[in-house]
Each structure stands twice: as C-alpha cells, then as structure tokens.
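Chain residues, written in single-letter form:
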Amino acid sequence: MMNLPERREMRISDADRDDVAAILREAAGEGRLDLEELDERLSAVYAAKTYGDLEPITRDLPQESHSAPRTPSRDRFGGTPTSTMGIAILGGFERKGGWVAPETFNAVAFCGGGVVDLREARFSGPQVTIRAYAVMGGVHIIVPEDAEVHVGGLGIMGGFDTRATGTGAPGAPRIVVTGVAFWGGVSVERKATEAELERRKLERKEQRREQRRQLGQ
C-alpha cells in the first residue's frame, strides 16, 4: 500500500499561499504587523513549498485573524456522463470544460497524446477512476486542487507521475489513476481553473501595487 506523506510534508498550491497572504494582510490592517514584518512574511509565504513551511508564518497570530477555509461546491456531483473514453492513435484527444466525468474513464494513447481536464467537470459520483494506457504516447490528467488523488499503475520503460497524490478537502471528489505506461508516460497535475489563475494573477498585481503605495507614504 502506498504511504501518503504527512500534511506538513505535502506540497502547497498557489491557493494555499494566497490564503496565508490574506491572513497576513488582515493582521497588518489590524496593527498586529508593521509594514516591514508584512513584507518579510509575504516573501516567506511565496517562497514556501510545503504546509510545514507555512505553519510558523502565522503561528503568533490569533485564531480570529485567520480567514475561513475554502469549501467545495455542493453542485459538482450528479448528471449523466458525457464521455467514458478518449482514444488517441497517431493523434490526440481532449476532455475539458464543463463535461460530466463518469465513475470510470478509459484513456488510450498509442503514438499520440490525450488530455483529461477535470477542473471544471461535474462528477457523476464521488469517485472517478481513470484507467490510462499510454503506449509510446502520453496521457496528461489535470485535477482540481482540492481533490483527493491516488496515482498508481504499471510502468514498463515508462512511468506514472505520482506527485499529485495526496488527501483532499472534505466533500471534494476522489480521483484514482491507474493503468499501464509502455514506452510512454502518464502525468497528473493539480491546478486551478484558468479563470481562478487569472484572478490570482490580478490580485497579486494589486497587492504589489498596494505594498509599493504604502511603502512610499
């Protein structure tokens, strides 16, 4: 059985960094941190790689300053699957956008490549199993940041990328990736939606602009 890393050792996402940055800005607005401390801690936040790196940054701040955690959407489950298979033979396939993912999805790439993007998908059930078969090709799977993910599979002169494996948020979908990679590869990536990535980019620009304005006063 695969041993999952402790939470302190798990890699964090941009969303986690943004949550802690919001806590720091709130604390600075309450007078708990001065501008120099805020700048130092924000630098530490965006340099952090694991939950363990984030813990000491807000350890001395009171609980009431902490922002409420994100909760998963309640309407992401249910519906009739719109696709149960993707096949790429000397070509490619994509499943992305607002599609309904089935409980089992088969992805086959033979001398080609396929993309299974679950970030904006609805799920017909609480768990989806993706059976990926990559023969001299590749399958790339993009999962929501809050999902519980388990990656396995057999690699024969190929392999499965297990870095996305980890626990998820309460109520989030459970995604299991398995299959065979022969002279090919299956990659799994946690990633926010394009709209959310753009929102964070604009928010960081605004934060930097506000910090420069405050430092210039």
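Refer to the structure above for everything that follows.
Residues numbered from 1 in each chain as written. Predicted model: local features only at pLDDT ≥ 70, side-chain atom pairs only at ≥ 80, totals over all residues. Heavy atoms only, no water.

K.L.:
So what about the packing of aromatic side chains? Which residues, and what values?
P.N.:
Per the counting criterion, the structure on display carries 3 aromatic pairs. Their ring planes at 45 degrees and their centres at 6.1 Å tell us that Phe77 and Phe123 sit as a pair that is tilted. Of this pair, Phe77 sits in the loop between helix H3 (51-54) and strand E1 (85-89) while Phe123 sits in strand E6 (residues 122-123), and the two are 46 residues apart along the sequence. Classification of Phe123 by relative accessible area gives buried; the value is 0%. Measuring from centroid to centroid gives 5.6 Å for Trp99 and Phe105, while their planes differ by 70 degrees, and the two rings are edge-to-face. As far as the burial class goes, Trp99 and Phe105 line up, both buried. (Phe/Tyr/Trp six-rings, centres within 6.5 Å; stacked < 30°, edge-to-face > 60°. Helix = DSSP H or I, 4+ residues; strand = E, 2+ residues; numbered from the N terminus. Buried < 20%, exposed > 50% of the residue type's maximum accessible area, 1.4 Å probe, protein only.)

K.L.:
Could you give an account of a negative patch on the surface, naming the residues involved and the relevant values?
P.N.:
Taken together, the side chains of Asp34, Glu36, Glu37, Asp39 and Glu40 define an acidic patch exposed on the protein surface. Inspection of the secondary structure assignment puts Asp39 in helix H2 (residues 35-47). Residue Asp39 is classed as partly exposed on the basis of its relative accessible area of 37%. (Patch = residues over 30% accessible without salt bridge, like charges linked within 9 Å, V, L, I, M, F, W, Y side chains within 5 Å. Areas by Shrake-Rupley, 256 points an atom, 1.4 Å probe, with all protein chains shown as cover. Salt bridge = Lys/Arg side-chain N within 4 Å of Asp/Glu carboxyl O. Lys, Arg positive; Asp, Glu negative; His and termini not counted. Charge placed at Lys NZ, Arg CZ, Asp CG, Glu CD.)

K.L.:
Which residues make up H2, and what values go with them?
P.N.:
Every α-helical turn comprises 3.6 residues, leaving residues that sit three or four positions apart pointing alike. Counted at 1.5 Å a residue, the expected span for H2 with its 13 residues is 18 Å, and the 18 Å between its end C-alpha atoms agrees. The distance from a side-chain oxygen at the start of H2 to the backbone nitrogen of Glu36 is 3.1 Å, and the residue carrying that oxygen is Asp34. (Expected span 1.5 Å × (residues − 1). Polar contact = N/O pair within 3.5 Å; in protein donor to acceptor, adjacent residues only side chain to side chain.)

K.L.:
Account for the sheet that holds strand E5 (residues 113-117), with residues named and values stated.
P.N.:
On the basis of which strands lie adjacent, the open sheet formed by 5 strands has the order E2-E5-E8-E13-E11 and parallel pairing. Unpaired on one side and paired on the other, strand E2 (92-95) and strand E11 (159-160) mark the two borders of the sheet. Taken together, the 2 bridges between E11 and strand E13 (residues 185-190) define a ladder with parallel strand orientation. Residue pairing in the sheet places Phe160 in a bridge with Val186 of E13. (Pairing = 2+ DSSP bridges.)

K.L.:
So what about the pattern of salt bridges? Which residues, and what values?
P.N.:
Applying the stated rule across the entire model yields 10 salt bridges. Measuring nitrogen to oxygen at the nearest pair gives 2.9 Å for the salt bridge that ties Asp60 to Arg41. Of this pair, Asp60 sits in the loop between H3 and E1 while Arg41 sits in helix H2, placing them 19 residues apart in sequence. The class for Asp60 is exposed, based on a relative accessible area of 53%. For Arg41, a relative accessible area of 17% corresponds to the buried category. Put simply, Glu194 and Lys191 hold a salt bridge, and the shortest N to O gap is 3.8 Å.

K.L.:
Account for the nonpolar core, naming residues and giving values.
P.N.:
In this structure, Val116, Leu118, Ile141 and Val186 are the most contacted members of the largest nonpolar core, which totals 28 residues. At the level of secondary structure, the elements contributing two or more residues to this core comprise strand E4 (104-110), strand E7 (127-135), strand E8 (138-143), strand E9 (148-151), strand E12 (174-182) and E13. At 4 residues, the largest contribution of residues to this core is made by E7. Not counting chain neighbours up to four residues away, the residues in contact with Val186 comprise Ala132, Ala134, Val139, Ile141, Gly159, Phe160, Asp161, Val177 and Ala181. Counting residues in hydrophobic clusters, the runner-up holds 16 residues, among them Ala21, Ala27, Leu42 and Ile57. (Core = buried A, V, L, I, M, F, W, Y, C linked by side-chain atoms within 4.5 Å. Contact = heavy atoms within 4.5 Å.)

Any link to function would need more than the numbers given here.
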